[in-house]
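Descriptive structure summary
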Amino acid sequence: MNNFQKPRGTIDYFGQELTNLKFLEDTIKYIAHLYGYTEIRTPIFEHTEVFIRSVGQTSDIVTKEIYNFLDKGGRNIALRPEGTAGVIRAVNENKLLQKQNYPLRIYYYGPVFRYERPQSGRARQFHQFGFEILNTKEMMDDLDVILLSQTVLNILKLKKYHLEINCIGSIESRNKWIEALKIYFSDYKDQLSNDSLNRLNTNPLRILDDKIDGAKDFVKNAPKIKTFLSKKELQDFEILQQSLKSLKIDFKVNESLVRGLDYYTDTVFEFISELDELKGQSTICAGGRYNNLIHELGGIEAQGVGFAFGLERLLIQYQTETSNNIIYDNNSEVCIINLIEDTFVAESIAYMLRGFNFSVYYEPSIKKITQGFKLAEKRQAKVILIIAQNEINNNEVILKNQITMEQTKVNINNLYKTLEKTLKNND
């Protein structure tokens, strides 16, 4: 007999951990509503070219981590490694930006896939909850998405993290920076890792946030983007900083922060966990502005800004920082205990009551009243219905009010109205 196990880098969710995850999902959805976002759902796989064009051919996602394959029609298909590209493809294909003359605010949630070495806070299938403002014309939207992220963390009462921001400029500004970095790092080839050497001529920005080389002094002393930013870019970034300060939101400027996706321009930001449990995988939320991606994926000339939470890392952060176990409201109003041989009677009563929108729990295998009481307590039922032979012979059931502990006999024909009244009084 085969003893099957889940694929490496995947997670089974159940019990309290699943309850906590659902709480995080519902909390973020609630905040999305507060900020005026609507949901979009896209396929978990796309044509691979969607991600190559958006994320970048030299990014780690494309060169090392993407799950792609040829389908039966010979098409190159990839499981989505991040959410934004698929959302932009859907928006462009369905011409959503042409259907309104103001920015589109949308959010998405779902699994994403990357072939990485599994560890705490990093899985091969994980979940992102992301937000995008598309066709944005205001740089204040950069502040808005940062505030949305902050609101989520505030409502979850999380404390052990910090915010880092940077401005990486337009493509023109960044190209000047990249050329300066190529010249600078050419003098340190003997000190660069093989990964960094490969990136030197293709995308030297990746060297700045490399896990190994990024900590070296000569990398820290590399030319900074601010030297190459235009006057307007510097002014906008200064306004963002002053806005955060006026709202008393702590942050620090990290001039090495470039993000791992090539489509970003201007503002980029990350919320970094300070927990030991997430050491090395500490980014719980990240995003920024992208001024060219919509057009590059076949849409109109329009800018966007967005970000995403990694739900697995946010879950670790939440469960580590709080000792509260969330109790989801999945308990039952009514619990049925059946003490007679005929289980159909109890099943038919449960079916009738559910038709009246009562939440009813009935377990046919439980036939002892003590077991039934324990189950009703576990389900936190407000009312117990006991089906006993003498009462059923008279078309009655026994109703026990778990709040007042009163016990009465009720005719089945009047059960709906009696239950409705009892539950209303209990509330």
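Residues numbered from 1 in each chain as written. Predicted model: local features only at pLDDT ≥ 70, side-chain atom pairs only at ≥ 80, totals over all residues. Heavy atoms only, no water.

Secondary structure assignment for the protein chain yields 16 helices and 16 strands. The C-alpha atoms of the protein chain give 28 Å as radius of gyration, which overshoots the globular expectation for 427 residues (22 Å, by more than 25%). Reported as C-alpha extents along the three principal axes, the dimensions of the protein chain are approximately 95 × 55 × 45 Å. Partitioning the intrachain contacts of the protein chain with sequence separation of at least 6 by distance along the chain shows that 70% fall at a separation of at least 24. Split by element, the accessible area of the protein chain, about 22,300 Å² in all, is 49% carbon and sulfur. (Helix = DSSP H or I, 4+ residues; strand = E, 2+ residues; numbered from the N terminus. Rg over C-alpha atoms; globule rule 2.2 N^0.38 Å. Contact = heavy atoms within 4.5 Å. Areas by Shrake-Rupley, 256 points an atom, 1.4 Å probe, with all protein chains shown as cover.)

Looking now at the pattern of salt bridges. A full pass over the atoms with the stated rule returns 14 salt bridges. Linking Glu-391 and Lys-409 is a salt bridge whose minimum nitrogen-to-oxygen distance equals 3.3 Å. Within this pair, whereas Glu-391 is found in helix H15 (residues 389–393), its partner Lys-409 is found in strand S16 (residues 407–411), the two being separated by 18 residues in sequence. Here the salt bridges do not stand alone but share partners, grouping Glu-46, Arg-89 and Glu-93 into one network. (Salt bridge = Lys/Arg side-chain N within 4 Å of Asp/Glu carboxyl O.)

What follows deals with the pairing of strand S11 (residues 304–310). Sheet faces and side chains relate simply in a regular strand, where the side chains alternate between the two faces. Burial of S11 is extensive: seven of the seven residues sit out of reach of the surface. What you see with S11 is no split at all: Gly-304, Gly-306, Ala-308 and Gly-310 on one side and Val-305, Phe-307 and Phe-309 on the other are buried throughout. Pairing of strand S6 (residues 125–134) with S11, which is carried by seven bridges, proceeds in the antiparallel orientation. Bridge pairing in S11 places Glu-132 opposite Gly-306. With six bridges connecting them, strand S10 (residues 283–290) and S11 associate as antiparallel partners. Bridging from a neighbouring strand, Arg-289 pairs with Val-305 of S11. (Buried < 20%, exposed > 50% of the residue type's maximum accessible area, 1.4 Å probe, protein only. Pairing = 2+ DSSP bridges.)

So, about the sheet that holds S11. The eight strands are arranged S1-S5-S6-S11-S10-S9-S7-S8 in an open sheet whose pairing can be described as mixed. Here the strands that pair on one side only, and so sit at the sheet edges, are strand S1 (38–39) and strand S8 (252–253). Note that strand S5 (residues 104–113) and S6 share ten bridges and pair antiparallel. Paired with Gly-110 across the bridge in S6 is Gln-128.

Moving on, we come to the nonpolar core. Residues Phe-131, Leu-134, Phe-185, Leu-208, Phe-269, Phe-271 and Phe-309 are the most contacted members of the largest nonpolar core, which totals 78 residues. The element contributing the most residues to this core is helix H5 (residues 140–155), with seven residues. Every residue in contact with Phe-309, bar those within four places of it in the chain, is listed here: Ile-28, His-127, Gln-128, Phe-129, Ser-149, Val-152, Leu-153, Ile-284, Cys-285 and Leu-314. Membership of the second largest hydrophobic core comes to 22 residues, among which are Val-334, Leu-399, Val-410 and Ile-412. (Core = buried A, V, L, I, M, F, W, Y, C linked by side-chain atoms within 4.5 Å.)

What follows deals with the sheet that holds S16. Strand order in this open sheet of five strands is S13-S12-S14-S15-S16, and the pairing throughout is mixed. Looking at which strands have only one partner, the edges of the open sheet turn out to be strand S13 (360–362) and S16. Across the sheet, the mean angle from the axis of one strand to that of its neighbour is 25°, orientation sign disregarded. Taken together, the five bridges between strand S15 (residues 396–401) and S16 define a ladder with antiparallel strand orientation. Along S16, the bridge assignment pairs Glu-396 with Asn-411. Lying on the sheet, helix H13 (residues 343–355) is in contact with strand S12 (334–338), S13, strand S14 (383–387) and S15; it crosses S13 at an angle near 165°. (Axes fitted to C-alpha atoms, helices over the stretch in contact; angles between N-to-C directions.)

Another aspect to go through is the packing of H5 against helix H10 (residues 231–246). Put simply, H5 and H10 touch, their axes get as near as 10 Å, and they point 40° apart. In terms of axis orientation, H5 runs oblique to H10. In the crossing of H5 with H10, the sense of the turn from one axis to the other is right-handed. The residues of H10 that touch H5, namely those facing Met-140, Asp-142, Leu-143 and Ile-146, are Ile-239, Leu-240, Ser-243 and Leu-244. A breakdown of the residues in the contact of H5 with H10 according to their chemical character gives six nonpolar, one polar and one charged. (Parallel < 35°, antiparallel > 145°, perpendicular 65-115°, else oblique. Left-handed = near helix turned anticlockwise from the far one by under 90°. Nonpolar A, V, L, I, M, F, W, Y, C, P; charged D, E, K, R; others polar.)

With 16 residues, H10 extends 22 Å from end C-alpha to end C-alpha; this agrees with the ideal 22 Å at 1.5 Å per step. Within H10, the full set of buried residues consists of Glu-233, Phe-237, Leu-240, Gln-241, Ser-243 and Leu-244. All buried residues of H10 lie within an arc of 160° about the axis, which places them on one face of the element. Residues of H10 that are exposed and angled more than 90 degrees away from the buried face: Lys-231, Lys-232 and Ser-246. Where H10 ends, the next residue or the one after it, Lys-248, has phi of about 60°, a positive value. (Expected span 1.5 Å × (residues − 1). Arc of directions from axis to C-beta.)

Relative to the elements of secondary structure, Val-305 occurs in strand S11. Residue classification places Val-305 among the buried positions, given a relative accessible area of 1%. Placed 171 residues apart in sequence, Val-305 and Leu-134 show a C-alpha to C-alpha distance of 6.7 Å. When near neighbours in sequence (up to four residues on either side) are disregarded, Val-305 contacts Phe-131, Glu-132, Ile-133, Thr-136, Asp-141, Asp-142, Val-145, Gly-288, Arg-289 and Tyr-290.

What the rule picks out here adds up to zero disulfides. Between Cys-285, a cysteine without a disulfide, and Cys-167, which holds the nearest cysteine sulfur, the sulfur-to-sulfur distance is 18 Å. Its relative accessible area of 1% is what places Cys-285 among the buried residues. (Disulfide = S-S within 2.5 Å.)

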